[in-house]
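# Report on the structure
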Amino acid sequence: MNEIHADLTDEQLAILVQQGDKEKFGLLMARYESKLFRYGRKFLSNQDNIEDVVQEVFIKTYQNMKSFDAAQRFSPWIYRIAHNTFVNALRKTSRGPLYFFDFDTIISHPIYEDPAVFEREQVEMKKMIDRGLEKLSSNYREILILYYLEEQSYKEIADILHVPIGTVGIRLKRAKDALKKVYQKLGLTHEQ
Amino acid sequence: MEPQKDKIQENVLDKIRSSEVNMRPKFYHNLKVVLLVVVVFAILIISSLLFSFIIFTVKVSGHLFLIGFGERGLVAFFLLFPWKYLLVDILLIIALEWTLKQFRFGYRSPLAYLLAGIFIITVLAGILINALHLHEALLNQADKRDLPFMGDEYEHLRRPPPEQGVVTGVVEDASGTSFTLQSAGMFGTSTMLWEVVLPPGVTIGSLDRGDEVLVAGDVQGNMIKAYGLKKIDPIPEVYPAASTTMK
């Protein structure tokens, strides 16, 4: 069955689910399960109930399916639901406040999104994220995952995190700097 | 595919098939958006009304003149400023900002720009409300005890409690370094006569009987030792008896 619908986009599948074709939701789950597991594992690094949380994401996605606007991309929409669910899961286990007020959301920042820079950095950043992510704060951790692992654009990340697009750029830069500092502290090199 | 993952898909699909998990109807989501829009407009209207009330308060009470009475006047102005309304208005603006963040244009706008936008709209709407004389109408209704809410707040504007050290009233009799002032109590049910001792170096000058004045000073019984005095525009329907002048 999966092969038959391989040519359908996520958005087309979502429309079919909205129209009542419940089984097509299985195809959407199959497409996003690995991605959400990866996002969840990295973001909720200390959680052992990741399966339950991902299942909750799918249930919420199905419940809110009719609010999805098929003129938009499905991917940022489901990541937004995942973000909210993961943040709630983190809140349950974290003692302190999860997110402090982000001063980077106050004014606009210049946006500089260069695909060539992304290509150049991605392999190196993926390796670094694997090693040093746990030492970063959750907001830095999440933006690195969304950009380098989940390959979401600035605009999509802005929709997922509900922040201005300029904030995505500046937060990403700060997250990279913080990750490099973690590497220096641990005495690691990028190749390790 | 990992067995654990297959299990999740099967679990969710089973719940969907057995109708344990259902899609919320489109109506539910539309209603949420409509409610949010209603909340946005409701907060905006209340916030603008409150802001216009603050402007009206400062204007009608004559407290703005206190700034011209030197250091003591400045302190009195800050003490008498309706901070509680301003605080409520700021909280409303923050609530409005938070509500607007639920919309794409809201969260994509930097906080400072969004707050500035809300503030400008509130100020413009507040000025417009004042231009429509809504608060004057409410004040006159409060005078007739015909205002079911905020009647006391409006009355305090027109007739501030004397213990605040600021009294507005009509000049009854003026001579030398003092004059008699008649002020009305709450809702105009009673009148009080004050002996006002002028600030040092100030003479009666052009004060006439029937002039409406704002006096700031130390209240001791029925005497006010003034440190500031200002002739103000009469407020309609407040002191209809005071019409003759001392000439």
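### Re the overall build of chain A
- Within chain A one finds eight helices and zero strands.
- Its helices and strands taken in sequence order, chain A reads α-α-α-α-α-α-α-α from the N to the C terminus.

### Points about the domain arrangement of chain B
Residue and element names in this part refer to chain B.
- Along its sequence, chain B is carved into domain 1 (26-132) and domain 2 (161-231).
- Placing a centre on the C-alpha atoms of domain 1 and another on those of domain 2 gives a separation of 35 Å.
- Taken together, the nine residues of domain 1 in the interface contact nine residues of domain 2.
- Tallied by class, residues from the side of domain 1 that touches domain 2 come to five nonpolar, three polar and one charged.

### Section: the pairing of strand β4 (residues 212-220) of chain B
All names here are of chain B.
- Across five bridges, strand β1 (residues 166-175) lies against β4 in antiparallel orientation. By the bridge assignment, V167 is partnered in β4 with V215.
- The pairing of β4 with strand β5 (residues 223-231) spans eight bridges and is classified as antiparallel. Bridging across to β5, V215 finds its partner in L229.
- Between β4 and β5, which pair antiparallel in sequence order, lie two residues; one of them, G221, sits at a positive phi of approximately 60°.

### Thoughts on the packing of helix α6 (residues 138-149) of chain A against helix α8 (residues 165-186) of chain A
Residue and element names in this part refer to chain A.
- Orientation of α6 relative to α8, taken along the N-to-C sense of each, is 105°, at an axis distance of 9 Å. Viewed along their axes, α6 and α8 adopt a mutual orientation that is roughly perpendicular. Along the contact surface, α6 presents N139, Y140, I143, L144 and Y147, while α8 presents V168, R171, L172, R174, A175, A178 and L179.
- The class makeup of the residues in the contact of α6 with α8 is nine nonpolar, one polar and two charged.

### Examining the interface of chain A and chain B
- Each partner contributes to the interface: chain A provides 27 residues, whereas chain B provides 23 residues.
- For the side of chain A that touches chain B, the secondary-structure elements that each account for two or more residues are α2 (24-43) and α3 (50-63) of chain A.
- Looking at the side of chain A that touches chain B residue by residue, the class counts come to 15 nonpolar, eight polar and four charged.

### Side note on helix α2 (residues 26-61) of chain B
Residue and element names in this part refer to chain B.
- Given a rise of 1.5 Å per residue, 36 residues ought to cover 52 Å, and the 52 Å separating the end C-alpha atoms of α2 matches this to within 8%.
- By the burial criterion, the buried members of α2 are I43, S47, S48, L50, F51, S52, F53, F56, T57 and S61.
- Looking at the buried residues of α2, the elements they touch are α4 (83-100), α6 (111-131), α7 (134-143) and α8 (151-158).
- Positive backbone phi, approximately 75°, marks G62, located one or two places after α2.

### Here we look at α7 of chain B
All names here are of chain B.
- Every buried residue belonging to α7 is among H135, L139, A142 and D143, and all of these are buried. Down the axis of α7, the buried set is contained in an arc of 105°. They therefore lie on one face.
- R145 lies just past α7 and shows a positive phi near 55°.

### Quick look at the nonpolar core
- Grouped together as the largest cluster of nonpolar side chains are 45 residues, with contacts concentrated most on L28, V57, I78, A82, I143, L144 and I157 of chain A.
- Where this core is concerned, the elements lending two or more residues are α1 (10-18), α2, α3, α4 (74-93), α6, α7 (154-161) and α8 of chain A together with α1 (3-17) of chain B.
- Inspection of this core shows a minimum of three residues originating in each of domain 1 (10-93) and domain 2 (103-186) of chain A.
- Excluding residues within four positions of it along the chain, I143 of chain A makes contact with I157, V168, R171, L172 and A175 of chain A.

### Points about the environment of G201 of chain B
- Here G201 of chain B is to be found in the loop between β3 (191-197) and β4.
- For the pair G201 of chain B and T177 of chain B, spaced 24 residues apart in sequence, the C-alpha to C-alpha distance is 9.1 Å.

Cut-offs and rules
Residues numbered from 1 in each chain as written. Chains lettered and ligands numbered in written order. Predicted model: local features only at pLDDT ≥ 70, side-chain atom pairs only at ≥ 80, totals over all residues. Helix = DSSP H or I, 4+ residues; strand = E, 2+ residues; numbered from the N terminus. Domains from an automatic or database assignment. Contact = placed C-beta atoms within 7 Å. Nonpolar A, V, L, I, M, F, W, Y, C, P; charged D, E, K, R; others polar. Pairing = 2+ DSSP bridges. Axes fitted to C-alpha atoms, helices over the stretch in contact; angles between N-to-C directions. Parallel < 35°, antiparallel > 145°, perpendicular 65-115°, else oblique. Expected span 1.5 Å × (residues − 1). Buried ≥ 20, exposed ≤ 12 C-beta atoms within 10 Å, placed from the backbone. Arc of directions from axis to C-beta. Core = buried A, V, L, I, M, F, W, Y, C linked by C-beta atoms within 7 Å.

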